[in-house]
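Here's the letter readout for the chains.
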Amino acid sequence: MSDVRNNRREAGGSSVITANRLLDGRIVWQVAEGDWSTIIADARIIPNADIEAAIAQAAARQQADGLVGIYGVQVETDATPPVPVTVRERIRAFGPSVHPDFTPVAELEAHA
Amino acid sequence: MPDTIQAPALPVGHYGYDQVDRAFLADRVEQFRDQVARRIAGTLSEDEFKPLRLMNGLYLQLHAYMLRIAIPYGVLDSRQMRELAHIARTYDRDYGHFTTRQNLQFNWIRLEDTPDILARLADVDMHAIQTSGNCIRNVTCDQFAGAAQDELVDPRVHAEILRQWSTLHPEFTFLPRKFKIAISGSPNDRVAARFHDIGLVAKPAPDGGTMFDVFVGGGMGRTPIVGVHLRDDLPEEDLLAYLEAMVRVYNEYGRRDNIYKARIKILVQALGTEGYRAKVDAEFAAMNRARYRLPPETVAAIRARFGTPDLHAPDDAAEQLARARRADPAFDRWVRTNTHPHRAPGHISAVISLKPAGGIPGDATSAQMDIIADLADRHAFGEIRVTHMQNLVLGHVRQDELHALWQALRAADLASANIGLIGDIIACPGLDYCSLANARSIPIAQKLSARFASPELQETIGPIEIKISGCINACGHHHAGHIGILGVDKKGEEFFQLTLGGSPGSDASVGQILGPALPEDATVDAIARLVDAYLVHRTGGERFLDTYRRLGAALFKDAVYATA
Amino acid sequence: MPLLENGRLVPDDWTTLDADAPLPATGPVIVPLSRLEEGLARPHGEKLGVAIPQDAEIDTLRTALPRLSLVAVTFPIFRDGRAFSQARALREHLHFTGEIRATGKPLPDQYEFLLRCGVSTVDLPPGSEPEVWARAHTRFRTAYQPSVLGERAEGVTLRRLLG
Ligand code: HEM
Ligand code: SF4
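What counts and what doesn't
- Chains are numbered independently. Their residues run from 1 in the order of the written sequence.
- Chain labels run from A onward and ligand labels from 1 onward, assigned in the order the entries are written.
- Restriction of local features to residues with pLDDT of at least 70 applies here, the model being predicted, together with a cutoff of 80 or more for giving and counting side-chain atom pairs; totals for whole chains, interfaces and linings are based on all residues.
- Hydrogens and waters are ignored; side-chain quantities use all the structure's heavy atoms.
- Take a side-chain nitrogen of Lys or Arg and a carboxyl oxygen of Asp or Glu: if they are within 4 Å of each other, that pair is a salt bridge.
- Segments assigned H or I by DSSP are reported as helices when at least four residues long, segments assigned E as strands when at least two residues long, and all are numbered from the N terminus.
- Burial classification: accessible surface area is computed with a 1.4 Å probe over protein chains only, and a residue below 20% of its type maximum counts as buried, one above 50% as exposed, and the rest as partly exposed.
- A fitted line through C-alpha atoms serves as each axis, taken over the contacting stretch for helices, and the angle formed by two N-to-C directions is quoted from 0 to 180°.
- Roughly parallel covers angles under 35 degrees, roughly antiparallel covers those over 145, roughly perpendicular covers 65 to 115, and oblique covers all other angles.
- Helix crossings fall into two classes, left-handed where the near helix is turned counterclockwise from the far one by less than a right angle and right-handed where it is turned clockwise.
- Pairs of residues are marked as contacts when any of their non-hydrogen atoms sit within 4.5 Å.
- As a working rule, the residues Ala, Val, Leu, Ile, Met, Phe, Trp, Tyr, Cys and Pro are called nonpolar, Asp, Glu, Lys and Arg charged, and the rest polar, with Gly in that last group.
- Here's the idea: put two parts together, see how much 1.4 Å probe accessible area each one loses, and the total over both is what we call buried area.
- We call two N or O atoms a polar contact when they sit within 3.5 Å, provided that within protein one can donate a hydrogen and the other can accept it, with sequence-adjacent residues counted only if both atoms are side-chain atoms.
- Donor atoms are limited to N, O and S found within 2.8 Å of the metal ion, a distance that becomes 3.2 Å for Na, K and Ca. With water left out, some sites might look partial.

Looking at an unreviewed UniProt entry, one finds chain B named Nitrite/sulfite reductase, with Gluconacetobacter takamatsuzukensis as its source organism.

An unreviewed UniProt entry annotates chain A as DUF2849 domain-containing protein originating from Gluconacetobacter takamatsuzukensis.

> Could you clarify how one ought to interpret the pattern of salt bridges in this entry?
Side chains that differ in sign of charge can pair as their charged atoms come close. Tallying each qualifying case throughout the model produces 71 salt bridges over all chains. Salt-bridge contacts for C:Arg135 lead to B:Asp34; the nearest nitrogen and oxygen are separated by 2.9 Å. Of this pair, C:Arg135 sits in helix α4 (residues 130-138) while B:Asp34 sits in helix α1 (residues 19-41), which puts the two residues in different chains. A relative accessible area of 17% places B:Asp34 in the buried class. Between B:Asp213 and B:Lys203 there is a salt bridge, with its nearest N and O atoms 2.9 Å apart. Here B:Asp213 is found in strand β9 (residues 210-216), whereas its partner B:Lys203 is found in strand β8 (residues 198-204), with ten residues between them in sequence. A relative accessible area of 13% places B:Asp213 in the buried class. Via salt bridges that share partners, B:Glu171, B:Glu244, B:Arg248, B:Glu283, B:Arg291, C:Arg88 and C:Glu92 belong to a single interconnected network.

> Is there a simple way to think about the packing of α1(B) against helix α2 (residues 46-54) of chain B in this case?
A pair of packed helices is characterised by two quantities: the angle between their axes and the separation of those axes. All names here are of chain B. Relative orientation of the contacting elements α1 and α2 amounts to 160 degrees, with a least axis distance of 10 Å. Classified by the angle their axes make, α1 and α2 are roughly antiparallel. Here α1 and α2 pass one another in a crossing that is left-handed. Between α1 and α2, the residues in contact are Phe32, Gln35, Val36 and Arg39 and Glu46, Phe49, Leu52 and Arg53, respectively. Grouping the constituent residues of the contact of α1 with α2 by class yields four nonpolar, one polar and three charged.

> Would you take a moment to explain the interface of chain B and chain C for this structure?
By a widely used convention, the size of an interface equals the accessible area lost when the partners come together. Counting residues at the interface gives 48 residues for chain B and 37 residues for chain C. Summing the contributions of chain B and of chain C, the shared interface buries around 3900 Å²; its carbon and sulfur component is 55%. In terms of surface lost to chain C, no three residues of chain B exceed B:Pro170, B:Phe174 and B:Arg291, which account for 19% of the buried area on that side. In this assembly, chain B and chain C are joined by eleven salt bridges. Salt-bridge contacts for C:Glu92 lead to B:Arg291; the nearest nitrogen and oxygen are separated by 2.8 Å. Across the contact surface, chain B and chain C share 27 residue pairs in polar contact (both at pLDDT 80 or more). Going through the elements one at a time, α1, α2, α5 (156-166), α6 (239-253), α7 (264-286), α8 (289-292) and α9 (296-303) of chain B are the ones with two or more residues in the side of chain B that touches chain C. Of the residues forming the side of chain B that touches chain C, the biggest block, eleven residues, is contributed by α1(B). Of the residues in the side of chain B that touches chain C, the class split is 20 nonpolar, eleven polar and 17 charged.

> Is there a simple way to think about the coordination of the iron atom of ligand 1 in this case?
For a metal with four donors in a tetrahedral arrangement, the ideal angle between donors is 109.5 degrees, while six donors in an octahedron ideally sit at 90 or 180 degrees. Among protein residues, the single donor to the iron atom of ligand 1 is B:Cys475 (SG), with a metal-donor distance of 2.1 Å. Within the secondary structure, B:Cys475 sits in the loop between β17 (466-469) and β18 (483-490).

> When you look at the interface of chain A and chain B in this model, what are you seeing that I'm missing?
If you look at the interface, chain A gives 26 residues, while chain B gives 36 residues. Regarding the contact of chain A and chain B, the summed buried area is about 2600 Å², with carbon and sulfur atoms giving 56% of it. Put simply, chain A and chain B have ten residue pairs in polar contact (both at pLDDT 80 or more) between them. Broken down by secondary-structure element, the contributors of at least two residues to the side of chain A that touches chain B are β1 (14-21) and α3 (87-94) of chain A. With five residues, the single largest contributor to the side of chain A that touches chain B is α3(A). Tallied by class, the residues present in the side of chain A that touches chain B amount to ten nonpolar, seven polar and nine charged.

What follows is the structure, given as structure tokens:
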């Protein structure tokens, strides 16, 4: 299930891999194979040259990992932690702009 | 405070379920529980599960699952509202979003919880059936039904008949695309009948029954089209047979190769009104009409499941209201903007604005839902209506109680006096929630309503409808906005395109694009200049729409782009 | 492939032919619509069925129908609901009383819809779980609209009592 809007990837850049969790729908970012986090700062950054293979690998085990809709998201080149290049993916990464209290980081702290 | 009105046995304003209806909903919940279990176990793939969950109103959105709950013909009772508040508190983040299709959406739902949520909804005779998917969706209706002075027929009984008929319809649940029906019983179209797949206008028949004028093939989306007039005076007993024929022709001939061309509007355009009508008539002639006949006894039996409000007000109710208005200018303003004339003496319909200045259009917190439920019990027979403008209505309020109602609303931040004015903006969820969005709708609405917060300024500007969609699917009705705002994506950044001159009502029209899309930070200023230009050029009591229709786009174009 | 009738697996006596397979002179066969004439040329009394694509106009079967014992409708994908209308037209317009068989990829969750549109048997798609289909068969006790099965209405309401 790749989303055209997110395939705005340039040859030279880097991306992270994202998905939604099947059980609760929440957004996650791939930390390592089989390991996902709700916080984009944890995500591993993959050169675009390798991203399709990494996505295919993650997609192959999505039912076992309890995920849906795996795809890659291009991130700004120099930003650490990673920041997506599109508004859409920034909203996915950092929460709805109209509810500053609902960021993934705030949620994690609320449940900690 | 007047005494609480005793809740009648049957809900006022909507159909009251009986044991058979409850058993059906319980079966439906168990079916979905089974489907969720199969999905989690992996026997259903996401592709197979998706249409099943959509048939229960469950979307996967940007941040989580979104559950869309049906509010049939926009009417709910206080008990149901309290249950929605409970669900918001327990399973979501303490708020819900009322939509232009008179539904409610929760934005932070977990798949695992959904069967339990649906079971709780079923406890109060609610469901999420057919709030998504390529089926016949929730039938929408006039928010002043059964109360409005100008109404000829209360359309809700027929809306309920259509709800039942379309529920898990064996033939029409996998149509080429979604299918939306609206029904009105007033010559003043408040349901946008001409912007629906089927629009019905009910009117009295010579024999004392009901008959219908039928419109077909209207819609928004990427191809906005005003529906065509298919026929007049459809007798009530043929209502279901004729709709069967209309939808059946669509099921057989509607395009399935391209989802953007799959709506019935495209079929009607392709066949021409005459061509489509001929096919419908042929089907109508060939079908077993006796089977689909809607006999008056059935209508009467369903009507009998509706509670009716026992309307009587003190003789001086109108006088008491007039006195309260003279004494309190803020109340007087709210009455001017937020009420609608009632057919019964001493009564009035009150609109609760869900559009506070700077707020999120259509959102209500669980606390507000509880307060509204209490106020509905106290003042309006426990009945609450959702409007396609994303506001709420208490339909039958005594005029002598209106001031008390207003005070209670004001205390809950629910008394914005802006209905039909510039602060009464429709906005879809947009990029803050929606996975299809190009741009954020809500922040634009918030900035506009904050900028035009002053009630005096809003009244000076007068009636104007601003409608915002985050993408071309047009959930925010931008095509039908006097000022429409459409979010577009340019290289991953948000831009907004303005359209002018749209209208949803009896004078339905599609707005015209004004010029190049504007960057996010220029959009609100551009609209302010547009409004200024209108104020300079309007004559007499002209609405914005009238001035635009008289003078055309040029001067507005100058106002928007001159300084840009 | 397993055949389902009334929620139970039943033996399938029919042979389904594709566009090229030779037509046996006797025995129950289902021919594609393109070979209907050929099928009809077999001796009278030999059971014949026809498989129609989802965009076929039912009315074109009008003259052949008295000779047909079976019509197979198809769901190339489960979201393509045209076969529901075809089945209903067969029953309602042409008063067909033979077997209507659903083929392709219908979902168990559509079983009741299939039956209520006039389908009698389902050629289960590969990987189907017959128990899930059986459950779907008895899931609902009520429907809210008339169907070609002519179920009894509950009083004067729109509701029909199933099963
Ligand atoms: C957030 C999730 C939503 C999604 C994914 C979504 C999706 C869509 C899509 C794809 C269309 C275009 C359909 C077509 O033209 O064939 C559409 C149209 C529409 N939606 Fe939504 N929508 C969402 C939310 C809403 C909300 C919140 C409302 C009400 C406020 C709404 C009301 C409408 C209306 C009125 C239309 C236009 C109907 C027409 O085309 O005739 N939608 N939606
Ligand atoms: S108009 Fe577009 S962005 Fe807005 S809710 Fe509909 S699909 Fe989403």
